Each structure stands twice: as C-alpha cells, then as structure tokens.
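Structural overview
One letter stands for each residue in the lines below.
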Amino acid sequence: MKQNLSALLGGMIFGAGLVIAGMTNPEKVLAFLTLNQNWDPALILVMGSAVVVATIGFWAASGRDTPLFDTAFHLPGSTTIDSRLVAGAGLFGIGWGISGFCPGPAIVGLLSLDVRAVIFVIAYIAGVKLFEVWERNKSTPVMQGDG
C-alpha cells in the first residue's frame, strides 16, 4: 500500500511540475528542439532542475540499505551502451521531435483529451507492442524441416 501511495504521490508531483513548467505543451517543447529565432531555452532549465533534484535524491538514497517503501532498490541491470540503447534513444528523440510529446506529458495531455496526445499514446502503445512481438520472435528458434 505504501508503495502505491508513494508512486501516486511521485507521479502527481511529476505531473504538476510538467504542467507548471509548461512542458505538457508540445509547442513549448518544439520551440526548444527547433533551433531558430523562436528558440525557447525553458526546457533546458527544466532538465537542469530535474538533474539537480535527482542527484540529491540519489545522494540521499545512497546511504540507505533499502528504500523507504520497498524491500530493495530497482536499478538497471546493465550499464553498457550498446546499439539497442542507442537505437531506442534515437527513436525516442525522433518521436519527441516530431510530436513534441514524451510519455509523461502525453499522459497529462491524454487526461485533458488533447487529440495530439491521444494519437501519440496510441502510436506509443503500438510501438511497444511491436517491439514486444519483435523481441519474442527474435528469441524464438526457427524450426527447420528434416530436409
């Protein structure tokens, strides 16, 4: 129960921060990603403040054996930068640059019934499902006949 409440509270704080910073507005995000006379540096300030808050959080957690509301920390299993990571980051960036949405702001947009966010979330879910099918088929051995 504590895990769910802390996740809900964290999500609400994250969503409120996105709304307050204007990062749920795709035009604001695209104004940062488009380097022209209308360039808006606000996103870099939001990212910078997020890095500061996360750094403080990781520093505070580093002295603990377990998190406050769970039995173990859930950290990434790999620190390797490989082609899958680079390709995934590239696809994320392309989608973000085309739509002005990433998953967090898209959920906020979805809740406000922004048609652009609805389209993004549908495309996002389709992409996740396509990847899952691809991964499942990639790891399934191909059966060959007896000849």
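What comes next is a walk through the structure. Throughout this description, residue numbers start from 1 for each chain and increase along the sequence as written. Only residues with pLDDT of 70 or above have their local features reported here, since the model is predicted, and side-chain atom pairs are shown and tallied only from 80 upward, although totals for entire chains, interfaces and linings are computed over all residues. No hydrogens and no water enter the side-chain calculation; it runs on all heavy atoms of the structure.

Description of unusual backbone geometry
Its identity as a non-glycine residue notwithstanding, Leu113 has a phi of 60 degrees, on the positive side. When its relative accessible area of 68% is taken as the criterion, Leu113 is described as exposed. For every residue, the accessible area obtained with a 1.4 Å probe (protein chains only) is divided by the maximum for its type, and the residue is called buried under 20%, exposed over 50%, and partly exposed between those limits.

As for the pattern of salt bridges
By convention in these notes, a salt bridge is any Lys or Arg side-chain nitrogen within 4 Å of a carboxyl oxygen on Asp or Glu. Scanning all chains against the criterion turns up six salt bridges. Lys129 is the salt-bridge partner of Glu132, the closest N and O atoms lying 3.5 Å from each other. Of this pair, Glu132 and Lys129 both sit in helix α6 (residues 115-139), three residues apart, which is roughly one turn of that helix. Residue classification places Lys129 among the partly exposed positions, given a relative accessible area of 48%. Between Lys138 and Glu135 there is a salt bridge whose closest N-O contact spans 3.2 Å. With Lys138 and Glu135 both in helix α6 and three residues apart, this pair spans about one turn of that helix. Strands are runs of DSSP state E lasting at least two residues, helices are runs of H or I lasting at least four, and both sets are numbered from the N terminus onward.

A few points about the packing of helix α2 (residues 26-33) against helix α4 (residues 83-99)
To characterise two packed helices, one gives the angle between the axes of the helices and the distance between these axes. Structural elements are reduced to axes, namely lines fitted to C-alpha atoms, with helices fitted over the stretch in contact, and the angle between N-to-C directions of any two is expressed from 0 to 180 degrees. Put simply, α2 and α4 touch, their axes get as near as 8 Å, and they point 115 degrees apart. Along its contact with α2, which presents Pro26, Val29, Leu30 and Leu33, the element α4 presents Trp96, Gly97 and Ser99. We call Asp, Glu, Lys and Arg charged. Ala, Val, Leu, Ile, Met, Phe, Trp, Tyr, Cys and Pro are nonpolar, and the rest, Gly among them, are polar. Of the residues that constitute the contact of α2 with α4, the class distribution is five nonpolar, two polar and no charged. What makes two residues a contact is simply this: any of their non-hydrogen atoms within 4.5 Å.

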